[in-house]
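Summary of structural features
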Amino acid sequence: MVEYLAVIHFGLDHNFADTDIMHVIVCVLLYFALLSAVLRHLPQCFTIGEAMIVTESVVLLSVDAFTDLGIKLSHVWPGFRSVIGIHVEFPKSTEMLWLQLLVTGSLTTGILLLPVFHYLSLVREFWDVVVGHLAFYATIFFTFFALLLPWSFLILRGMNPLNWLWKYLTKQEIRLYLIAHWCCVVVVSIAFVLLKSRQTKSNASSTVVRKCFHLLALAIYIPGVIYEPYVTHLASSVAVAAFIFIEYVRLFRIGPFGSSVHSALVVFLDDKDSGALILTHVYLLLGLALPLWLFPVDYSKADPTGVFKTQEDCEKH
């Protein structure tokens, strides 16, 4: 708290714009509101340190994402830029914009689903539960067509996302081979989970499953980082968003796959996991993806001094 107040005080002393100070204040308020909600409504899912890190990351990513979204909207409605108080646009790679859309979009969808989740926590009758499940999917479709799809058109400057994805993946042949390799690893992972979910659970078996998934994760990321770090960057964003949606389905047993997903993911748990959320696989993915997200470079392209090039540097040449 003292650090945030120091930032605000620094801004006041150095004549920062009122909008800049307001943005800091909004971030601080969002941080403490979200942190309080996480600790209150998700007990035993996070330690205080984990909750603080997750909350701060979500707030920073969300504010950055919606700021960029506002700037994109200002290209359509020029007056919108003065409303959000942002006048400088910082260039970002397309992969980073997709990261913002996918992760922030999945979390925003979760917020919109809160009334549905509350309803499902109250009802027990079969048809009432069915209504809740239908409301879940209706909210998903609404969010996709009302928020995520228009957002994707904005970041691609009007280009169809499917056309962009096809051109992106077929730009280099190695990308198709990499996608095929990842699909094979995913199939092996699913088969492994299904096999282990039918066996008796114990701490030893849980540890074996975790270590096996560490190896499978390395099988995905090592060739990805070596040959196509930018595709791996994008794929990591897709995977995190998918894991978030899968957790929504698992947590409230959304039909028809909720119970099966829950049974499959239980193999990840051990005695230390006592909360409602299953986040072990998400943490594993984030641990591998964060270095790429924070500093995406092509490790196959270095300049004569041995310095690796970022995507922006590669595009300039």
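The protein carries the name dolichol kinase in an unreviewed UniProt entry, which gives Acropora cervicornis as its organism. As stated in UniProt under Subcellular location (unreviewed entry), the record for the protein gives "Endoplasmic reticulum membrane". Here is the UniProt Sequence similarities (unreviewed entry) comment for the protein, exactly as written: "Belongs to the polyprenol kinase family."

**Structural notes on the environment of Gly258**
Structurally, Gly258 is set in helix 12 (residues 258-265). C-alpha separation for the pair Gly258 and Glu247, spaced 11 residues apart in sequence, amounts to 9.0 Å. With sequence-adjacent residues up to four places away left out, Gly258 is seen in contact with Val249, Arg250 and Arg253.

**Focus on the packing of aromatic side chains**
The geometry of two aromatic rings is summed up by the distance between their centres and the angle between their planes. Taken as a whole and assessed by the stated rule, the structure comprises 11 aromatic pairs. Judged by centre distance (5.0 Å) and plane angle (75 degrees), the rings of Tyr31 and Phe32 are edge-to-face. Here Tyr31 falls in the buried class, since its relative accessible area comes to 4%. With a centroid separation of 6.2 Å and an interplanar angle of 35 degrees, the aromatic rings of Phe117 and Phe136 are classed as tilted. Of the two residues, Phe117 is situated in helix 6 (residues 114-122) and Phe136 in helix 7 (residues 126-155); the sequence distance between them amounts to 19 residues. Considered together, Phe117 and Phe136 belong to a single accessibility category, that of buried residues. Seen from the ring of Tyr168, Arg175 lies directly overhead, with NZ or CZ sitting 4.5 Å from the centre.

**Thoughts on the confidence of the model for the protein**
Mean pLDDT over the protein stands at 80; residues scoring 70 or higher make up 77%. Every residue in residues 1-15 scores below 50 in pLDDT, and together they form 13 contacts with partners more than four places removed in sequence or on other chains. Per-residue pLDDT stays below 50 along residues 303-308; that stretch engages in eight contacts with residues further than four places along the chain or on separate chains.

**Some remarks on the UniProt feature "transmembrane region" (unreviewed entry) in the protein**
As annotated by UniProt and renumbered to match this structure, "transmembrane region" (unreviewed entry) occupies residues 21-39, 97-122, 134-156, 176-195, 233-253 and 274-295. Between the end C-alpha atoms of residues 21-39 the distance is 27 Å, and the span holds 100% helix and 0% strand. Secondary structure content for residues 233-253 is 90% helix and 0% strand, while the C-alpha to C-alpha distance between its ends is 30 Å.

**Quick word on the nonpolar core**
Residues Trp98, Leu101, Trp151, Ile155, Trp164 and Tyr168 are the most contacted members of the largest nonpolar core, which totals 20 residues. At the level of secondary structure, the elements contributing two or more residues to this core comprise helix 3 (48-76), helix 5 (94-112), helix 7, helix 8 (161-169), helix 9 (173-197) and helix 11 (229-251). Non-local contacts of Tyr168, meaning those with residues more than four positions away in its chain, are made with Glu95, Arg175, Tyr230, Val231 and Leu234. Val116, Phe117, Ile244 and Ala289 belong to the second-largest nonpolar core, a separate cluster that totals 18 residues.

The rules behind the values
- Residues numbered from 1 in each chain as written.
- Predicted model: local features only at pLDDT ≥ 70, side-chain atom pairs only at ≥ 80, totals over all residues.
- Heavy atoms only, no water.
- UniProt positions renumbered as here; feature names shortened; annotations may be inferred.
- Helix = DSSP H or I, 4+ residues; strand = E, 2+ residues; numbered from the N terminus.
- Contact = heavy atoms within 4.5 Å.
- Phe/Tyr/Trp six-rings, centres within 6.5 Å; stacked < 30°, edge-to-face > 60°.
- Buried < 20%, exposed > 50% of the residue type's maximum accessible area, 1.4 Å probe, protein only.
- Lys NZ or Arg CZ within 6 Å of the ring centre and 35° of its normal.
- pLDDT = per-residue confidence, 0-100.
- Core = buried A, V, L, I, M, F, W, Y, C linked by side-chain atoms within 4.5 Å.

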